[in-house]
Amino acid sequence: QVQLVESGGGLVQAGGSLRLSCAGSGRTFSTYAMGWFRQAPGKGREFVSAINWTGGTTNYADSVKGRFTASRDNAKNTVYLQMNSLKPEDTAVYYCAVARGGTSFRFSYRWDNYDYWGQGTQVTVSS
């Protein structure tokens, strides 16, 4: 059974940092791109970041570019999202997901190109 478990969320003041982790089990994800999405109350799912299977290519939403960094450790079947200079508008539930095999990385921003999702972790940034 495929499972993704996010961790590392919490409450932080504006300007602070958090590091999210997403650990996979049930299969290896080392040959798949991975993505991070978020959803704030009353809003739709929003692309945050994606990382290709080697970790050598990343993609970021404009709203987080320069502040967030995605990385992965394929030996641990885990991806990370380092979030710096957090803002109140970053408050949301953050989800990691595994991209569908064969999907072009240039479409990594589309949530419908992902097959497996974690349960999410809450990030709250206070002003």
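None of these values were measured; they are calculated from a predicted model.

A. Structural context of the pattern of salt bridges. If you walk through the whole model with that rule in mind, you get six salt bridges. Across the pair R67 and D90 runs a salt bridge whose closest N-O atoms are separated by 2.8 Å. Here the residue R67 occupies a position in the loop between β6 (58–60) and β7 (68–73), and D90 occupies one in the loop between β8 (78–83) and β9 (92–99), the gap between them amounting to 23 residues. As far as burial versus exposure is concerned, R67 and D90 are alike and both buried. The shortest N-O distance in the salt bridge between D112 and R110 comes to 2.9 Å. Among the ionic contacts, a cluster of salt bridges with common partners joins R38, E46, R67 and D90.

B. View of the environment of A99. You can see A99 is positioned in strand β9. Between the C-alpha atoms of A99 and G55, which are 44 residues apart in sequence, the distance is 14 Å. In this structure A99 touches Y32, A33, N113 and Y114, once residues within four positions along its chain are discounted.

C. Just the nonpolar core, in detail. Counting residues in each nonpolar core, the largest one holds 33 residues, and the members touching the most others are M34, W36, F68, L81, M83 and Y94. Sorting elements by how many residues they give to this core places β9 first, with six residues. Apart from the residues within four sequence positions on either side, M34 is in contact with L4, C22, F29, S49, A50, I51, R72, V79, A97, V98 and Y114.

D. Spatial organisation of the packing of aromatic side chains. On inspection of all chains with the given rule, the structure shows four aromatic pairs. Here the aromatic rings of F37 and F47 are separated by 5.6 Å at their centres, their planes lie at 70°, and the arrangement is edge-to-face. Placement of the pair is F37 in strand β4 (residues 34–39) and F47 in strand β5 (residues 45–51), with a sequence separation of ten residues. Since its relative accessible area comes to 1%, F37 is described here as buried. Taking relative accessible area as the criterion, F47 reaches 11% and is therefore assigned buried. An aromatic cluster is present here, built from F37, F47, Y114 and W117 joined pairwise through their rings. One cation-aromatic arrangement involves R45 over W111; the distance from NZ or CZ to the ring centre is 4.8 Å.

E. The arrangement of the environment of K76 in detail. With respect to the element layout, K76 can be found in the loop between β7 and β8. Classification of K76 by relative accessible area gives exposed; the value is 55%.

F. Up close: the sheet that holds β8. Read across the sheet, four strands follow the order β1-β3-β8-β7 without closing on themselves; strand pairing throughout is antiparallel. This sheet does not close on itself; its edge strands, each paired only once, are β1 (3–7) and β7. Across the sheet, the mean angle separating the axes of adjacent strands is 15° when strand polarity is ignored. Relative to strand β3 (residues 18–25), β1 runs antiparallel, the two sharing five bridges.

So, how was this worked out
- Residues numbered from 1 in each chain as written.
- Predicted model: local features only at pLDDT ≥ 70, side-chain atom pairs only at ≥ 80, totals over all residues.
- Heavy atoms only, no water.
- Salt bridge = Lys/Arg side-chain N within 4 Å of Asp/Glu carboxyl O.
- Helix = DSSP H or I, 4+ residues; strand = E, 2+ residues; numbered from the N terminus.
- Buried < 20%, exposed > 50% of the residue type's maximum accessible area, 1.4 Å probe, protein only.
- Contact = heavy atoms within 4.5 Å.
- Core = buried A, V, L, I, M, F, W, Y, C linked by side-chain atoms within 4.5 Å.
- Phe/Tyr/Trp six-rings, centres within 6.5 Å; stacked < 30°, edge-to-face > 60°.
- Lys NZ or Arg CZ within 6 Å of the ring centre and 35° of its normal.
- Pairing = 2+ DSSP bridges.
- Axes fitted to C-alpha atoms, helices over the stretch in contact; angles between N-to-C directions.

Distances and angles like these do not, on their own, reveal function.
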